[in-house]
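# Observations on chain architecture
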Amino acid sequence: MKGPNRYTFLPWLLMGLGAFSNIIHGRTDHPVLAGAGLLAFNSLYVSVVFASFNPRRRDTRYPLYALGALTAVTFAIALGFRGDWFLFFPLLSLASGTVRALRGRPLGVWLIAISGAAGFLSGQVDHSVSGSVGIGYATFLSGMVTATVLSLFDTIQELRTTRQELARSAVERERLRFSRDLHDLLGHTLSVVVVKAEAVRRLAPRNLDAALAQAADIEAVGRQALTEIREAVTGYREGSLSTELDRARSALEAAGVDPVVRVSGPPLPAQAEALLGWVVREGVTNTVRHSGATRCEIALHADDDRARLTITDDGRGPVGSGSGAPDGAAGTRGRSADPADPADGNGPGPVGGTGLKGLAERLAAAGGTLRSGPDGRRGFRVTAELPVGAGDMADAEELTR
């Protein structure tokens, strides 16, 4: 949700239409001076608001100086022309609420001062108690509401930034933990392998049977290490589906794609979440890298029997040979999201192949389906369906390892 910007406060200048109408119809004394005062007020009001939303100026003294000039002009035109011109006090208060340097107690004191002055002067000039109270109340309320709303959106932005920093910190800590675990695991294993290899070298010339026994031990240690590494990598790479959805939303926003995520239904088994998490990662990566989309919708609906996940974007659709075959013909939009994908030349990828084709094979082995193809005249859609019953997921655990 985006907060107010500098243009949000410009329509409030329409409150000055009454004074402008009086000038046009000749109901104001000294129309030239009145027109100059109206122009000066509008110019200073825009200057205060724009400076308050300018990252380079909002924390400087410029907005305060401009606000001081705006205050002087407001008092001058209100006392000089009276009537509708007192409505410029609420606009002065509204502009005051945008100035960051006044946030907190200084703003409260300032608003009480100008609202009290506006109400007093209005009552002295127009001799109307209700009008005086109305002007004073509107002046105070305009600035207070503006400052409160802007402070709320600033807090929301700070919370978002903090959440992103915490997420990055958590990822860094997890990577450090994984690297330490892998270092300890491989360090111990390789030490054993080196010792036994030296034993084989020493025993081979004089005791072949003992050397073969040591070689067999090396094979056993290697197989055990391979199993332990797979278990470590599985625990490291598999996260919850909600985590993958959060990562997808962050990746789409960073790429300038508007993300829409809808989730309904009961929680899914861990194995189903792991498989669908791969689909989310692959589909979103294709959208970011290849689609040129401006909007991507991820919808997950689950019941007691099946889960259905759809990823739809409004990009240019499949490129190359991707034709939307039922099993997920990938084309050039079917590149794998896995950094260890063979298609990227970095090593072995997920079990079952690469890209959408590999995911289709993995889901098929678990009793599910994966379809991909154009979504109407424009866009691309990936649809994954997966049974979530206990019996249907019996073999899926092995596929996610």
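The structure contained in this document is the topic of the report that follows. As the structure is a prediction and not an experimental result, all values here were calculated from the model.

## Section: the overall build of the protein
- Each helix and strand counted, the protein has 11 helices and five strands in total.
- Burial status across the protein gives 36% buried among its 401 residues.
- Sequence-distant contacts in the protein: of pairs separated by 6 or more residues, those separated by 24 or more amount to 65%.

## A look at the packing of helix H3 (residues 62–81) against helix H4 (residues 88–98)
- H4 packs onto H3 with a crossing angle of 170° between their chain directions and a minimal axis gap of 10 Å. In this view, H3 runs roughly antiparallel relative to H4, as classed from their interaxial angle. Between H3 and H4, the contacting residues are Leu67, Leu70, Thr71, Thr74, Phe75, Ile77 and Ala78 on the first element and Phe88, Phe89, Leu92, Ala95 and Ser96 on the second.
- Here the contact of H3 with H4 is built from residues that sort into nine nonpolar, three polar and no charged.

## Looking at the sheet that holds strand S2 (residues 295–302)
- Across the sheet, five strands lie side by side as S1-S2-S3-S5-S4; this open sheet has mixed pairing. The open sheet has two edge strands with one neighbour each: strand S1 (258–264) and strand S4 (369–374). Between one strand axis and the next, the sheet turns by 10° as a mean value, whatever way the strands run.
- Seen against the sheet, helix H8 (residues 241–254) touches S1 and S2 and runs at an angle of roughly 160° to S1.
- Here helix H9 (residues 270–291) sits on the sheet and contacts S2, strand S3 (306–313), S4 and strand S5 (380–387); the angle it forms with S3, its principal contact strand, is near 10°.

## Here we look at the side chain of Ser93
- With respect to the secondary-structure elements, Ser93 resides in helix H4.
- For Ser93, a relative accessible area of 0% translates into the label buried.
- Within the structure, the side chain of Ser93 is placed 2.8 Å from the backbone nitrogen of Gly143, a separation counted as a polar contact.
- Residues in contact with Ser93, not counting those within four places in the same chain, are Leu111, Ile114, Thr139, Phe140, Ser142 and Gly143.

## What about unusual backbone geometry?
- Here His30, not a glycine, exhibits a phi torsion of approximately 50°, which is positive.
- Its location among the elements puts His30 in the loop between helix H1 (17–24) and helix H2 (31–52).
- Residue His30 is classed as exposed on the basis of its relative accessible area, which comes to 56%.

## A short note on helix H5 (residues 105–126)
- Taking 1.5 Å of rise per residue, the 22 residues of H5 would be expected to cover 32 Å, and the 31 Å separating its terminal C-alpha atoms lies within 8% of that figure.
- Among the residues making up H5, those that are buried are Leu107, Gly108, Leu111, Ile114, Ser115, Ala118, Gly119, Leu121, Ser122, Gly123 and Val125.

The rules behind the values
Residues numbered from 1 in each chain as written. Predicted model: local features only at pLDDT ≥ 70, side-chain atom pairs only at ≥ 80, totals over all residues. Heavy atoms only, no water. Helix = DSSP H or I, 4+ residues; strand = E, 2+ residues; numbered from the N terminus. Buried < 20%, exposed > 50% of the residue type's maximum accessible area, 1.4 Å probe, protein only. Contact = heavy atoms within 4.5 Å. Axes fitted to C-alpha atoms, helices over the stretch in contact; angles between N-to-C directions. Parallel < 35°, antiparallel > 145°, perpendicular 65-115°, else oblique. Nonpolar A, V, L, I, M, F, W, Y, C, P; charged D, E, K, R; others polar. Pairing = 2+ DSSP bridges. Polar contact = N/O pair within 3.5 Å; in protein donor to acceptor, adjacent residues only side chain to side chain. Expected span 1.5 Å × (residues − 1).

Shape is all these values report; function is a separate question.
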